[in-house]
Amino acid sequence: MQERNLFSGRRGMVLAPLIFCFVFALQGQTRTIQGGDGIVLAAPPVTAVHAITDDYHGTKIEDPYRWLEDAKSPETRAWIDAENQYTQSYLSQVKIRPEIVKTLTALERVDVYAIPSLYGGKYFFEKRLAEENQPSIYMRVGWQGRDERLIDATKLSVDQNTSVNILDVSREGDLLVYGVRQGGADELSIHAMNVNDHKDLADVLPAARYFGVSLSPANKGLYYSRFTPHEGSTVWLHAFGTPQDKDVKVFGGEYHGTELGELDLIDARVTDNQRYLIVQIGHGVPATRDDILVKDLRKPESDFVPLVYGVEAHMEAANIDDRFFLKTDYRAANGRIVEVVPGVQPAQWKPVIGEGKDEIDSFSLVGGKLFVSRLKDVKSETTVYTLEGRETGTLSYPGIGSGSVVYGRPGETEGFYTFLSFISPPAIYRYDTKSGHSEVFGEAKVPFDSSQYEVTQVFYTSKDGTRVPMFIAGKKGLVRDGKAPLLMTGYGGFDVPMLPVWKSEYAWWMEQGGFFALPDLRGGNEYGETWHKAAMFENKQNVFDDFFAAAEYLIKNGYTTPQHFAIRGRSNGGLLMGAAMTQRPDLFSAIWCGYPLLDMLRYENFEFGRAWTTEYGSAENTKDFAYLVRYSPYQNVKPGTKYPAIMFFTGDSDTRVDPLHARKMTALMQAASGSDRPILLHYSLKGGHSAGVSVSQFVEDEADELAFLWAETGGK
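Just so it is clear, the structure is predicted and the values come from calculations on it, not from any experiment.

**Q** Is there a simple way to explain the packing of helix 6 (residues 541–556) against helix 7 (residues 572–583) in this structure?
**A** To describe two helices that pack against each other, one gives the angle between their axes and the distance between the axes. Relative orientation of the contacting elements helix 6 and helix 7 amounts to 70°, with a least axis distance of 10 Å. By the angle between their axes, helix 6 is roughly perpendicular relative to helix 7. In the crossing of helix 6 with helix 7, the sense of the turn from one axis to the other is right-handed. Only Leu575, Leu576, Met577, Ala579, Ala580 and Gln583 of helix 7 make contact with helix 6, whose side of the interface consists of Gln541, Val543, Phe544, Phe547 and Phe548. Across the contact of helix 6 with helix 7, the residue classes break down as nine nonpolar, two polar and no charged.

**Q** Mind showing me how you'd approach the packing of aromatic side chains here?
**A** Remark: the centre distance and the inter-plane angle together describe each pair of aromatic rings, the angle taken between the planes. The final tally for this structure, using the stated rule, is 45 aromatic pairs. A ring pair is formed by Phe422 and Tyr506, whose centres lie 6.4 Å apart and whose planes are at 65°; its orientation type is edge-to-face. With Phe422 in the loop between strand 33 (414–421) and strand 34 (424–432) and Tyr506 in helix 4 (residues 504–511), the pair connects residues that are 84 residues apart, well separated along the chain. Just as Phe422 is buried, Tyr506 falls in that class too. With a centroid separation of 6.0 Å and an interplanar angle of 40°, the aromatic rings of Phe547 and Phe588 are classed as tilted. Pair noted here: Phe547 is in helix 6 and Phe588 is in the loop between helix 7 and strand 41 (590–594), with a separation of 41 residues, a long-range link. Grouping residues by exposure puts Phe547 and Phe588 together as buried. Through successive ring pairs, a cluster of aromatic residues spans Tyr113, Tyr123, Phe125, Tyr138, Trp143, Phe416 and Phe441. Sitting over the face of the ring of Trp143, Arg140 holds its NZ or CZ atom 5.6 Å from the ring centroid.

**Q** Please explain helix 2 (residues 74–91) as it appears in this structure.
**A** An α-helix turns once every 3.6 residues. As a result, residues three or four positions apart point the same way. Taking 1.5 Å of rise per residue, the 18 residues of helix 2 would be expected to cover 26 Å, and the 26 Å separating its terminal C-alpha atoms lies within 8% of that figure. For helix 2, the set of buried residues is Thr76, Trp79, Ile80, Glu83, Tyr86, Thr87, Tyr90 and Leu91. Considered in projection along helix 2, the buried side chains sweep an arc of 140° and stay on one side of the axis. Residues of helix 2 that are exposed and angled more than 90 degrees away from the buried face: Pro74 and Gln85.

**Q** For this particular structure, what's the right way to read the environment of His230?
**A** Structurally, the position occupied by His230 is in the loop between strand 14 (221–228) and strand 15 (232–239). C-alpha separation for the pair His230 and Lys122, spaced 108 residues apart in sequence, amounts to 41 Å.

**Q** Would you explain the sheet that holds strand 37 (residues 467–475) in this entry?
**A** Either a parallel or an antiparallel arrangement is found when strands of a sheet pair, and the pairing is made through backbone hydrogen bonds. Spatially, the eight strands line up as an open sheet ordered 36-37-39-38-40-41-42-43, and their pairing is mixed. Edge positions in the open sheet fall to strand 36 (453–461) and strand 43 (679–684), since each of these has one partner strand only. Sheet twist, expressed as the mean angle between neighbouring strand axes with direction ignored, is 20°. Pairing analysis gives four bridges linking strand 38 (residues 486–489) to strand 40 (residues 565–570), with the strands arranged parallel. Note on strand 40: the bridge partner recorded for Met488 is Ile567. Contacting strand 42 (645–651) and strand 43, helix 2 runs over the sheet at an angle of about 115° to strand 43.

**Q** I would appreciate a short explanation of the pattern of salt bridges in the present structure.
**A** Pairing between side chains becomes possible if they bear opposite charge and their charged atoms approach one another. One pass over the structure, following the stated rule, counts 46 salt bridges. The partner of Arg656 in a salt bridge is Asp186, and the shortest N-O contact between them spans 2.9 Å. Remark: Asp186 occurs in the loop between strand 11 (175–182) and strand 12 (188–194) and Arg656 occurs in the loop between strand 42 and helix 10 (660–672); sequence separation between them is 470 residues. The buried category is assigned to Asp186, whose relative accessible area is 13%. Across the pair Arg584 and Glu552 runs a salt bridge, and its minimum N-O distance is 2.9 Å. Note that Arg584 is positioned in the loop between helix 7 and strand 41 and Glu552 in helix 6, a separation of 32 residues in sequence. Of the residues examined, Arg584 reaches a relative accessible area of 22% and is grouped as partly exposed. In this structure, a network of salt bridges that share partners links the residues Asp54, Asp63, Arg66, Glu69, Asp599, Arg602 and Lys664.

**Q** Any chance you could explain helix 11 (residues 695–711) here in plain terms?
**A** Spanning 17 residues, helix 11 covers 24 Å between terminal C-alpha atoms, matching the ideal 24 Å at 1.5 Å per step. Among the 17 residues of helix 11, 13 are classified as buried, and the element is accordingly described as predominantly covered.

**Q** Just checking my understanding: could you explain the side chain of Asp520 for this structure?
**A** Along the chain, Asp520 falls in the loop between strand 39 (515–519) and helix 5 (529–533). Nearest to the buried, unbridged Asp520 among oppositely charged side chains is Lys379, at 8.9 Å. Aside from chain neighbours lying at most four places away, what touches Asp520 is Val378, Val468, Pro469, Phe471, Met498, Glu526 and Trp531.

**Q** How do you make sense of the packing of helix 3 (residues 97–108) against helix 4 when you look at a structure like this?
**A** One can describe the packing of helix 3 onto helix 4 by two numbers: an axis separation of 10 Å at closest approach and a directional angle of 125°. The angle between helix 3 and helix 4 falls in the class oblique. Like other packed secondary-structure pairs, helix 3 and helix 4 cross with a definite hand, here right-handed. In this structure, helix 3 contributes Ile100, Thr103, Leu104, Leu107 and Glu108 to the contact, and helix 4 contributes Ser504, Glu505, Ala507, Trp508 and Glu511.

What counts, and at which threshold
Residues numbered from 1 in each chain as written. Predicted model: local features only at pLDDT ≥ 70, side-chain atom pairs only at ≥ 80, totals over all residues. Heavy atoms only, no water. Axes fitted to C-alpha atoms, helices over the stretch in contact; angles between N-to-C directions. Helix = DSSP H or I, 4+ residues; strand = E, 2+ residues; numbered from the N terminus. Parallel < 35°, antiparallel > 145°, perpendicular 65-115°, else oblique. Left-handed = near helix turned anticlockwise from the far one by under 90°. Contact = heavy atoms within 4.5 Å. Nonpolar A, V, L, I, M, F, W, Y, C, P; charged D, E, K, R; others polar. Phe/Tyr/Trp six-rings, centres within 6.5 Å; stacked < 30°, edge-to-face > 60°. Buried < 20%, exposed > 50% of the residue type's maximum accessible area, 1.4 Å probe, protein only. Lys NZ or Arg CZ within 6 Å of the ring centre and 35° of its normal. Expected span 1.5 Å × (residues − 1). Arc of directions from axis to C-beta. Pairing = 2+ DSSP bridges. Salt bridge = Lys/Arg side-chain N within 4 Å of Asp/Glu carboxyl O. Lys, Arg positive; Asp, Glu negative; His and termini not counted.

As structure tokens, then:
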């Protein structure tokens, strides 16, 4: 008999009641859970089943754990507590965990810097000292000056899970605008400080999702774009010294008769010379197109004029004086740079840098020069050009890794760029745009001997014949006999390239003698918009097939075996983990699934989900439902299947991907799994989707993840 999805049948049929009786029966059995490294657990907590039936275009599908969508109900809170206790009973038995904490602490407890900005001869940047839990905001007067702390983030909360970041600085360097974020939430509040006397202004914008914050000309106030759930984005002007309810709406709701809704995300910023307000409208996440409008702030009564409008392509703008440059994939899948005059049509755009065979990843305008970064088989290469497009040089990066363009101001003659890789901790370089000379501004002095490790790149063939690149890192000379634990991660979506970056958890894994692998799955922009579109909507299965093919390549070539194979992913990468556990549980021994999307029939109804329908589609549409239900992890769990060990990871402060996905999937997998492997939920009561938790909390969370993955892959 042909196998079908467990929670859906043919049109008009309902198979779920029988199936859910089976699920409940499995869950009610008395069984012992056998973790790795001798860990023994009782059966997981029993979760009540209260099935709800939904009708999707004539197909009836039951949801057994709909009640767990309510995060605030006493029943859900009690369930979370029980699951956390169960997970803790596992982690307390992992013998290597104290050693993981010790090593991660050494890797993380170093001074770290963020890229500085230069205003009025003063450098503003974020820095965290080794012994601190959060970066603070600093100022340095002159290149050789002393670092002066302006905002001490370590004093903002008792648990030190409150973080700060620089949003804008006045051109004279006497006014600082900064954000304050609680835990890992996406929302932040906005504050302003008089740098001269170190006193905050009375003006505070309350916590919300802001997509742009800039000082207005003469520093009289703030332009900001604020997102309101189920409504959309609007741009406002706040005058310092006035209550927020007096803020003036500048843009939003509609443009020239076209309604702007929840899917139309608006970013607003004032150009460095304060001549223009630039409004960018991204239609969806990722945007199906970007509209860019400009308003001349020297003419207060002037209207917004399109820089580009109604063109189905992605756009990114930069300004110097009264000139505008666009990076666009309009009629150039790998990107090109053009000069644009407000109000003109694409046919009149002036070519500056044409499309090449390698994807233009990013560009910047500093010191009157254009810096253009390309991905050559996912490795960063940055070229320097004049504003007319004449090549004048390149940036030199120290090996295979991820190097940025030069960041800075159009009129300044210095800027900053970064480099990092799987085996190279982050370093920030100061760059002289006149001489091309670089020098180190700050680098993390991590106790990791990069010379003992290597990064290689291979290419493998996916299911449909597509050639896919993959980075592999590990100790030099590590034998490929299939005995090494291997950790692989992936993402594959939202036009985001996956580049070689430094993470302490990867370093720890390699230090223990394991391999680390990162395949560059379709769905990112490693090879331009064509690579992205190859994994959108009904093509999403390509991401999963690319990932499985990478695993098969690694196993075939002796890097590891399924019993030593660990995978991890978060957010859209958490969806990838959900597909891996439901489609190819035979390939992996342990899966860490962080902040995941798992119920793809309902994801759009919660938090920021509606904006992602431009990437995934919507179950409200018959065509989209047909492919979503085929891969949606929550609807494709098969009772009795011998699933690998799984840890779901989420937290109350995730205001981007609703934690309900992890809650419901944990309950379902615990009930359905036919193996004796642990199925755990690590539910943080403080953390969320965005960065912001303290270093101490971060180390504990990472140690929990690594302890689980290492123990369940036979690591010694």
